[in-house]
Amino acid sequence: MLQLEGVTKRFGGLTALDGVGFAVTPGSITALIGPNGAGKSTLLDCLFGVCRVDTGSIRLGEHELTMLPTHAIVRLGLARTFQNLRLAPHETVLDNVLAGLVTRTPFSFTAAILRLPAARHAERACRLAALEALDRLGLAAKARWPAGVLSFGDKKRLELARALVAAPRVLVLDEPVAGLNRAETETVEAELVRLRRAGRTVLLVEHDMDMVMRLADHVVVLDGGRRIAVGTPAEVQRNPLVLEAYLGQMEVVA
Amino acid sequence: MDGLTRSRWLHFFWSHRLGLGVLAAAGAVLLFPWYTDNPYTLGLTNRIALMSVAVVGLNLFMGCTGQISLGHAAFMAVGAYISGILTVHAGWSPWLALVVAVAAAAGFSLAIGVPLLRLSGHALAMATLACNVVVHHVLLQEDRWTGGPSGLAGIPPLTAAGWAVDDPVRLHFFLWFVVLVVMFGGLNLVRSLPGRGLMVLAADEVCAACLGVPVARAKVVLWTLSAVLAAVAGSLFAHTYGFVSPDSFGIFVSTDLAIMVVLGGMGSVWGSVLGAAVIVLLPEFSELAEAYKEFVHGGLLVAMLLVAPQGMIRGIRQAVALAWWRAQQGRSDAAA
């Protein structure tokens, strides 16, 4: 589905990504992990065309993404959440989710201003989809609240709702449970399990190792801009390079 | 009325609130001349209508991109002067002149917008201000066509089906009809799916792009749309008063337009009309507001940003919601 090959990104003298390659298989949850500064965020920025890769290729299905502008990449079927919240605080919760459905219709000012029938019907269908997504994440009762007054946990789930409502081919989640309490984490996890059962594809960037081990089908480990390991959670957990990256170099005692 | 009927009515009103709002506004416009046909009062409300057309446009640009323009009076000037020159010097029909003037403003805004919109924030505000200064200067200097500082007189009114739109009552109906059409288009845009993306664009360009908003194109389209509406307002201004002078389109008119946007609320179409009304009517309540116009308008802007940065419409709505919520709390406390 999503295929990265030899992705390299330099910022001046710093090589943030050094020939990173991996594949996200359809219908699976692939976790991307690594210590702080490993290049996870840079990789997501490159994936979405927020910054340009220097060399390498990123393919979604048969489309090459590296030369496309962000909005065109998103229209091919990617959606993401952000590590630090990026919501429109003064708009309602429902309107924020509807913003996740921009890709459902062509971005036409004429159709919008004249309120052409096609645009009107699409909007009605989208409203239902948005309410359904809010309902699944337990936010339906707050649909008319301004997004800014929600608790941190609700805001995180609102971002998740906004990303998954458009049913993207690959859903990219940047630390979806960071800072959540246990109950909130459980609703997010339940939603991820449900998505996988529905055959959806997820790329998960996460620090919560327990959750990665429980949910992920494949794990990709980055460190210092390189891919140091890839495999099932159990394989990765035993990999000495991974242990070293996370815990520092260990002397073997006894 | 039983509970079910009541909730059905509430649902009807809520789901059709926009159409009903525009209908109510149209009714008010229709009946207003029966309430008063005082030419002075109608002169004021017609001026509000003229400004509203430009302010709705500017508000779509400022509210959806989060950028500030301090140069939209330049587009009003282009609309007004091209309309004036074509009718006075070339003897064109006012309608044709209006269409050509608006098309010229669209081309002009596109030509300066494509390079300018690479700027943002204060740099863009300054660049638009500079454009306004340049246009103002050209109007002063090219006196062979524009009449220079003494202005251009004798611009004919628009005519519809043999009726000249020249007395206050006819102008009232015509101008407010234009305002309603513009408002309806603006409201449609704001609540469309692209509009939901644009409201994100105002706060966060990266996030908007990641939601599928073509950021660069959206900015240019909104800029041109706002310039077109400013030019329509300018052209209507010329045909309404029959006279234009450079000082009607100076930089302080531009700043007034931006202040009207902020008073009404960025991104609020209804607020645009309210903001225009406040600034136009202010001198009616106090001599001071006219004599120290720049100070008063500037002070008003600062006060608004401190008290209710979201603008009057949203500020009032939030205050009402808060009061309602407090009342509900009080009731449930009393019950407990």
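The structure this text deals with has already been given above.
For clarity, every value in this text was computed on a predicted model and none was experimentally measured. (Residues numbered from 1 in each chain as written. Chains lettered and ligands numbered in written order. Predicted model: local features only at pLDDT ≥ 70, side-chain atom pairs only at ≥ 80, totals over all residues. Heavy atoms only, no water.)

A. Seen up close, the overall build of chain B. Scanning chain B for helices and strands turns up 16 helices and 4 strands. Here chain B has a C-alpha radius of gyration of 21 Å; the compact-globule value for 336 residues is 20 Å, and the two agree. For chain B, the spread of C-alpha atoms along the principal axes amounts to about 80 × 50 × 40 Å. For chain B, the proportion of its 336 residues judged to be buried stands at 49%. Contacts in chain B between residues at least 24 apart in sequence constitute 76% of all its contacts with a sequence separation of at least 6. Counting every atom, chain B has about 15,800 Å² of accessible surface; 70% of that belongs to carbon and sulfur. (Helix = DSSP H or I, 4+ residues; strand = E, 2+ residues; numbered from the N terminus. Rg over C-alpha atoms; globule rule 2.2 N^0.38 Å. Buried < 20%, exposed > 50% of the residue type's maximum accessible area, 1.4 Å probe, protein only. Contact = heavy atoms within 4.5 Å. Areas by Shrake-Rupley, 256 points an atom, 1.4 Å probe, with all protein chains shown as cover.)

B. Structural view of the overall build of chain A. If you tally the helices and strands in chain A, you get 10 helices and 10 strands. Computed over the C-alpha atoms, the radius of gyration of chain A is 19 Å, within 12% of the 18 Å expected from 2.2 N^0.38 for a compact globule of 254 residues. Overall, the C-alpha framework of chain A stretches about 70 × 40 × 30 Å when taken along its three principal axes. When burial is assessed residue by residue, chain A has 50% of its 254 residues classed as buried. Nonlocal contacts in chain A, meaning residues at least 24 apart in sequence, comprise 68% of its contacts between residues at least 6 apart. Looking at chain A as shown, the accessible area adds up to about 11,400 Å², and 54% of this sits on carbon and sulfur atoms. Within chain A, one finds 30 positive and 27 negative side-chain charges whose respective centroids are separated by 7 Å. (Lys, Arg positive; Asp, Glu negative; His and termini not counted. Charge placed at Lys NZ, Arg CZ, Asp CG, Glu CD.)

C. Spatial organisation of the packing of helix α3 (residues 39–65) of chain B against helix α8 (residues 168–190) of chain B. All names here are of chain B. Contact pair α3 / α8: the axes reach a minimum separation of 9 Å and the direction vectors enclose 25°. Here α3 lies roughly parallel to α8, going by the angle between them. For the crossing formed where α3 meets α8, the hand is left-handed. Looking at side-chain class alone, the contact of α3 with α8 contains 19 nonpolar, 5 polar and no charged residues. (Axes fitted to C-alpha atoms, helices over the stretch in contact; angles between N-to-C directions. Parallel < 35°, antiparallel > 145°, perpendicular 65-115°, else oblique. Left-handed = near helix turned anticlockwise from the far one by under 90°. Nonpolar A, V, L, I, M, F, W, Y, C, P; charged D, E, K, R; others polar.)

D. Just unusual backbone geometry, in detail. All names here are of chain A. A positive phi angle is found at arginine 115, which is not glycine, with a value near 50°. Assignment of secondary structure puts arginine 115 in the loop between α4 (109–114) and α5 (117–136). A positive phi angle, near 50°, is found at glutamate 175, a position not held by glycine. Tracing the chain through its elements places glutamate 175 in the loop between β7 (170–174) and α7 (182–197). The exposure class of glutamate 175 is buried, given its relative accessible area of 7%.

E. Fine view of the side chain of Thr42(A). Topologically, Thr42(A) is positioned in helix α1 (residues 40–47). Residues contacting Thr42(A), with those up to four places away along its chain left out, are Lys9(A), Phe11(A), Ala16(A), Leu17(A) and Cys51(A).

F. Spotlight on the pattern of salt bridges. Within this structure, the stated rule accounts for 21 salt bridges over all chains. Where Arg86(A) meets Asp204(B), a salt bridge forms, and the shortest distance between an N and an O atom there is 2.9 Å. Residue Arg86(A) is located in the loop between β6 (78–80) and α3 (93–99), and its partner Asp204(B) is located in the loop between α9 (193–203) and α10 (205–210); the two belong to separate chains. Arg86(A) sits in the partly exposed class, given a relative accessible area of 27%. In this structure, Lys142(A) and Asp154(A) form a salt bridge, with 2.7 Å as the shortest nitrogen-oxygen distance. With Lys142(A) in the loop between α5 and α6 (152–164) and Asp154(A) in helix α6, this pair connects stretches of sequence that are 12 residues apart. (Salt bridge = Lys/Arg side-chain N within 4 Å of Asp/Glu carboxyl O.)

G. Highlighting helix α2 (residues 17–35) of chain B. Helix length check: α2(B), at 19 residues, gives a terminal C-alpha distance of 25 Å against a target of 27 Å (1.5 Å per residue), a fit within 8%. All of the buried residues in α2(B) are Leu18(B), Val22(B), Val29(B) and Pro33(B). (Expected span 1.5 Å × (residues − 1).)

H. Structural context of the sheet that holds strand β1 (residues 2–11) of chain A. Residues and elements named next belong to chain A. In space, the 4 strands of this open sheet follow the order β2-β1-β4-β5, with antiparallel pairing throughout. The two strands at the open ends of the sheet, each matched to only one other strand, are β2 (14–24) and β5 (63–64). The pairing of strand β4 (residues 55–60) with β5 spans 2 bridges and is classified as antiparallel. The residue bridging arginine 59 from the neighbouring strand is glutamate 64, located in β5. (Pairing = 2+ DSSP bridges.)

I. Representation of the environment of Asn96(A) within the structure. Secondary-structure assignment places Asn96(A) in helix α3. When the C-alpha positions of Asn96(A) and Ala122(A) are compared, they lie 17 Å apart, and in sequence the two are 26 residues distant. Ignoring any residue separated from it by four or fewer positions in sequence, one finds Asn96(A) in contact with Leu87(A), Ala88(A), Glu91(A), Ala147(A), Leu158(A), Arg162(A) and Met199(B).

J. Expanded view of the interface of chain A and chain B. Contacts between the two partners involve 36 residues from chain A and, on the opposite side, 28 residues from chain B. Between chain A and chain B, roughly 2,900 Å² of surface is buried when both sides are summed, and carbon and sulfur atoms account for 68% of that area. It is Phe107(A), Phe109(A) and Ile113(A) in chain A that bury the most area against chain B; as a group they hold 25% of the surface buried on that side. Applying the counting rule to chain A against chain B returns 4 salt bridges. The partner of Arg196(B) in a salt bridge is Asp95(A), with the nearest N and O atoms 2.9 Å apart. (Buried area = accessible area lost by both parts, 1.4 Å probe.)

K. Geometry of the nonpolar core. Judged by nonpolar contacts, the single largest core of 132 residues is most densely connected at Leu2(A), Leu47(A), Leu203(A) and Leu198(B). Core analysis: the next-biggest nonpolar cluster, separate from the first, contains 36 residues, Leu158(A), Leu164(A), Leu192(A) and Leu193(B) among them. (Core = buried A, V, L, I, M, F, W, Y, C linked by side-chain atoms within 4.5 Å.)

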